[in-house]
Amino acid sequence: MIKIEGVRKSFGALEVLKGIDLTVERGEVLCLIGGSGSGKSTLLMCINALEGIDAGRVEVDGIDVHAPQTEKNKLRQKMGIVFQQFNAFPHLTARDNVALAPRRVLGQNKVETLELAEHHLAHVGLGDKLDHFPSELSGGQQQRLAIARALAMKPDYMLLDEVTSALDPELVGEVLDTLRLLAEEGITMIAVTHEIPFAREVADRVAFFHQGVIHEVGPAKSLISNPQMERTQEFLGKIL
Amino acid sequence: MFDYRFQWRVVWKHWPELLEAALLTLQITVLSVVFGLMIGMVLSVWRKSDNKILYWFTATWVALARNTPALLQIYLAFFGLGALGIHFSPYTAVLAAITFNNAGYLAEILRGGMDSISPSQRGAALGLGMKPLQMYVYVIFPQVLKAVFLPITNQIVWAMLGTSLGMIIGLQELTGMTTFLQSQTFRPFEFYLAAAVIYLIVCETILIFARLVAWRAFRW
């Protein structure tokens, strides 16, 4: 379970998160929606400590994420993260991209991790691209590679930061299909997304961000079809 | 006045000594670049550190290495440390000084290379649970080395030419040996020309080898 309490975060004079409270249960799919600069992505980075926080508390399975004594690398092993810009490692083949962390971080043996990589790449439909470098893959394929890479660590949680935003429209579908698959398998996901129809279909709950505050959070279908707050109505009205 | 008669036989007679000296030059070059690169990587990371002590240690190293003559650095390693009771052989003193010099230049080259790597690569590596050291070894430096491969080959050439300063403290590397042989035989023109050709060959050999390594390592 992820428990977020009163989290505040500033970059210089700009306060990006102004007191966020949110709880995510095991097996749940939560989508964070809202305009650019509303703090959704920053919150994601605060959950796995890629960003520090100024006030409040983030707890993952009872562990205080931002406590100085917390071993952040250990904590991140159970939270896969996928970024908007793919971030495939350009110097490694698809197979080595996926095998790297299980081998070096978890210390599994080489043959085992290569098989693991093949399994996960096949799972996201890249079984025929094992020896390709990222530069030889399309954006959608690179993003599915990034998802496979995160899954190979067998995370309990997946953090997805606008994973389809940098893709050409015709490539969005293949990545969303992969995420649907994960949702069906019951992985806990927190996804920042602008794909509202996708959020309605796949998410259990949706949280609407505006200027560093969560204005509304609730079951996906009812929040998107029938938003209660004026800001949410305005936002959804603009993009749907 | 142009009736100089080249006598190459005397050079040929001393070929074994020249070859031995050239191998010494090659050895110091390779070792100083390998050690310099390892130290340079550490310095380039420390240079970006929030730790003030590490930052200033690095900044000082880079400033001394780049802004003082390599000859002075060799003197300091040999006579300077000698005065403090740390006695290096000429070989060790030259290797240490050229390594020190290389590390300073390479740290700056690598720092520039690091700035060219997208910061989100760090997030991706850390997000997979890597420790900072693992991130640098497996994700950052492989990319940095490709980005700065050409400036590094420049530095290799510079290091090799710098080893010639070793003669000043009595090291018989290629220049030292050549100087010694011409003084014995009174054929300076032949010997220095031969040395120049050997330098060229050693240098090109190193560069071809470096390109081969790059071609193998940077296929992406």
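Calculation rules
- Residues numbered from 1 in each chain as written.
- Chains lettered and ligands numbered in written order.
- Predicted model: local features only at pLDDT ≥ 70, side-chain atom pairs only at ≥ 80, totals over all residues.
- Helix = DSSP H or I, 4+ residues; strand = E, 2+ residues; numbered from the N terminus.
- Buried ≥ 20, exposed ≤ 12 C-beta atoms within 10 Å, placed from the backbone.
- Contact = placed C-beta atoms within 7 Å.
- UniProt positions renumbered as here; feature names shortened; annotations may be inferred.
- Pairing = 2+ DSSP bridges.
- Axes fitted to C-alpha atoms, helices over the stretch in contact; angles between N-to-C directions.
- Parallel < 35°, antiparallel > 145°, perpendicular 65-115°, else oblique.
- Left-handed = near helix turned anticlockwise from the far one by under 90°.
- Nonpolar A, V, L, I, M, F, W, Y, C, P; charged D, E, K, R; others polar.

Engineer: I would appreciate a short explanation of the overall build of chain B in the present structure.
Structural biologist: Within chain B one finds 10 helices and zero strands. Of the regular secondary structure in chain B, the N- to C-terminal order runs α-α-α-α-α-α-α-α-α-α. Here chain B, with 220 residues, has 40% of them falling under the buried criterion. The contacts in chain B between residues at least 6 apart in sequence include a share of 74% that link residues at least 24 apart.

Engineer: Is there a simple way to think about unusual backbone geometry in this case?
Structural biologist: Most peptide bonds are trans, and most residues other than glycine sit at a negative phi. Residues and elements named next belong to chain A. Unusually for a residue other than glycine, A49 sits at a positive phi of about 65°. Take A49: it is sitting in the loop between α1 (40-47) and β4 (55-60). The phi dihedral of F86 falls on the positive side, at around 60°, and the residue is not glycine. Mapped onto the elements, F86 comes out in the loop between β6 (79-82) and α3 (94-104). Accessibility expressed as a C-beta count within 10 Å gives 22 for F86, which makes it buried.

Engineer: Help me understand the interface of chain B and chain A, please; the structure alone is not making it clear to me.
Structural biologist: How big an interface is tends to be reported as the loss of accessible area on association of its parts. Contacts between chain B and chain A engage 16 residues on the former and 19 residues on the latter. When residues of the side of chain B that touches chain A are traced back to their parent elements, those giving at least two are α6 (120-127) and α7 (132-147) of chain B. Counting residues per element, the side of chain B that touches chain A draws most heavily on α6 of chain B, which supplies six residues.

Engineer: Is there a simple way to think about the UniProt feature "transmembrane region" (unreviewed entry) in chain B in this case?
Structural biologist: Per the UniProt entry, the sites bearing "transmembrane region" (unreviewed entry) are residues 22-46, 53-76, 88-107, 148-171 and 191-214 of chain B in this numbering. Overall, residues 191-214 of chain B shows 100% helix and 0% strand. The separation of its end C-alpha atoms is 34 Å.

Engineer: When you look at the UniProt feature "domain: ABC transporter" (unreviewed entry) in chain A in this model, what are you seeing that I'm missing?
Structural biologist: The sites that carry the UniProt feature "domain: ABC transporter" (unreviewed entry) are, in the present numbering, residues 2-236 of chain A. Between the C-alpha atoms that bound residues 2-236 of chain A there is a distance of 27 Å. The span itself is 37% helix and 26% strand.

Engineer: For this particular structure, what's the right way to read α1 of chain A?
Structural biologist: Residues that lie three or four places apart on an α-helix share one face, since the helix turns once every 3.6 residues. The buried count for α1 of chain A comes to seven of eight residues, which makes it a mostly enclosed element. Every buried residue of α1 of chain A is listed here: K40, S41, T42, L43, L44, C46 and I47 of chain A.

Engineer: What am I meant to see in the sheet that holds strand β2 (residues 14-24) of chain A here?
Structural biologist: Through backbone hydrogen bonds, the strands of a sheet pair up, either in parallel or in antiparallel fashion. Residue and element names in this part refer to chain A. Spatial ordering of the open sheet is given by β2-β1-β4-β5, a layout of four strands whose pairing is antiparallel. Looking at strand neighbours, the two that pair on one side only are β2 and β5 (63-64), the edges of this open sheet. Both strand β1 (residues 2-11) and β4 contribute to a ladder of five bridges, which runs antiparallel. The residue bridging R8 from the neighbouring strand is A55, located in β4.

Engineer: Is there a simple way to think about the packing of α3 of chain A against helix α5 (residues 139-151) of chain A in this case?
Structural biologist: Two quantities define a packed helix pair, namely the angle between the axes and the distance from one axis to the other. Residues and elements named next belong to chain A. At a closest axis distance of 8 Å, the pairing of α3 and α5 adopts a crossing angle of 30°. Considering their axes alone, α3 and α5 lie roughly parallel with respect to each other. The way α3 lies across α5 gives a crossing that is right-handed. When α3 is examined against α5, the residues A94, N97 and V98 are found in contact with a partner set consisting of L145, A148 and R149. Its residues assigned to classes, the contact of α3 with α5 comprises four nonpolar, one polar and one charged.

Engineer: Help me out: how do you make sense of the UniProt feature "domain: ABC transmembrane type-1" (unreviewed entry) in chain B in this one?
Structural biologist: Taking the numbering used here, the UniProt-annotated feature "domain: ABC transmembrane type-1" (unreviewed entry) corresponds to residues 18-210 of chain B. Taken as a whole, residues 18-210 of chain B contains 82% helix and 0% strand, while its terminal C-alpha atoms sit 24 Å from one another.

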